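Below are the chains, spelled out letter by letter.
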Amino acid sequence: QVQLVESGGGLVQAGGSLRLSCAASGSIFRFNYMAWYRQAPGKQRELVARIFSGGATNYADSVKGRFTISRDNAKNTVYLQMNSLKSEDTAVYFCNAENIRGNYWGQGTQVTVSS
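What comes next is a walk through the structure.

Conventions and cut-offs
- Residues numbered from 1 in each chain as written.
- Predicted model: local features only at pLDDT ≥ 70, side-chain atom pairs only at ≥ 80, totals over all residues.
- Heavy atoms only, no water.
- Phe/Tyr/Trp six-rings, centres within 6.5 Å; stacked < 30°, edge-to-face > 60°.
- Helix = DSSP H or I, 4+ residues; strand = E, 2+ residues; numbered from the N terminus.
- Buried < 20%, exposed > 50% of the residue type's maximum accessible area, 1.4 Å probe, protein only.
- Salt bridge = Lys/Arg side-chain N within 4 Å of Asp/Glu carboxyl O.
- Polar contact = N/O pair within 3.5 Å; in protein donor to acceptor, adjacent residues only side chain to side chain.

### Describing the packing of aromatic side chains
- Applying the stated criterion across every chain yields a total of two aromatic pairs.
- Note on Tyr 33 and Phe 52: the rings are 6.2 Å apart at their centroids and 70 degrees apart in plane angle, and the pair reads as edge-to-face. Taken together, the residues Tyr 33 in strand S4 (residues 31-39) and Phe 52 in strand S5 (residues 46-52) connect sequence positions 19 residues apart.
- Its relative accessible area of 12% is what places Tyr 33 among the buried residues.

### Considerations on the pattern of salt bridges
- Per the stated rule, a full pass over the model turns up three salt bridges.
- In this structure, Glu 46 engages Arg 38 in a salt bridge whose closest nitrogen and oxygen atoms are separated by 2.7 Å.
- Owing to a relative accessible area of 32%, Glu 46 belongs among the partly exposed residues under this scheme.
- Note on Arg 38: relative accessible area 6%, which makes it buried.
- Linking Arg 38 and Asp 89 is a salt bridge whose minimum nitrogen-to-oxygen distance equals 2.9 Å. Pair noted here: Arg 38 is in strand S4 and Asp 89 is in the loop between strand S8 (77-82) and strand S9 (91-99), with a separation of 51 residues, a long-range link. With respect to burial, Arg 38 and Asp 89 carry one shared label: buried.

### Some points on the environment of Ser 62
- With respect to the element layout, Ser 62 can be found in the loop between strand S6 (57-59) and strand S7 (67-72).
- In this structure, the C-alpha to C-alpha distance between Ser 62 and Thr 112, residues 50 residues apart in sequence, is 17 Å.
- A polar contact of 3.4 Å, which involves the side chain of Ser 62, links it to the side chain of Arg 38.

Structural data, given as C-alpha cells:
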C-alpha cells in the first residue's frame, strides 16, 4: 500500500506564490509518474502537471509558464511550485502517482487565491 500526503496549501493573494509538496511512503516500488491534479467547486478534476520517472514533464495549458513540477527521488517527494497565482487557480490540489502495482491519490490540500 502507498500513502501520499500533500502539504503547502493555503491562502495567498493573486500574483503570489505557493509551493506544494507530496511525500510518498509505503510499498512504493518505482513510480512511473507522479502528478498534480486539481478540482474546483462545480468543475471536473483536471490534470495540472505530471513528471515521469525519466524526468519528462507535462503541463495543463492554463498553468504552463507559471507552475513547475519537480521531484526529489531520495525523499520520494514531488513538488509543485506555483507562481503568478490567479483566482482561477483556487481549488483542492491532489497528488497522484502510479507504479506497476496501482494508481494512488492523496487526500488533497486547499489552495485559495484571493483577488
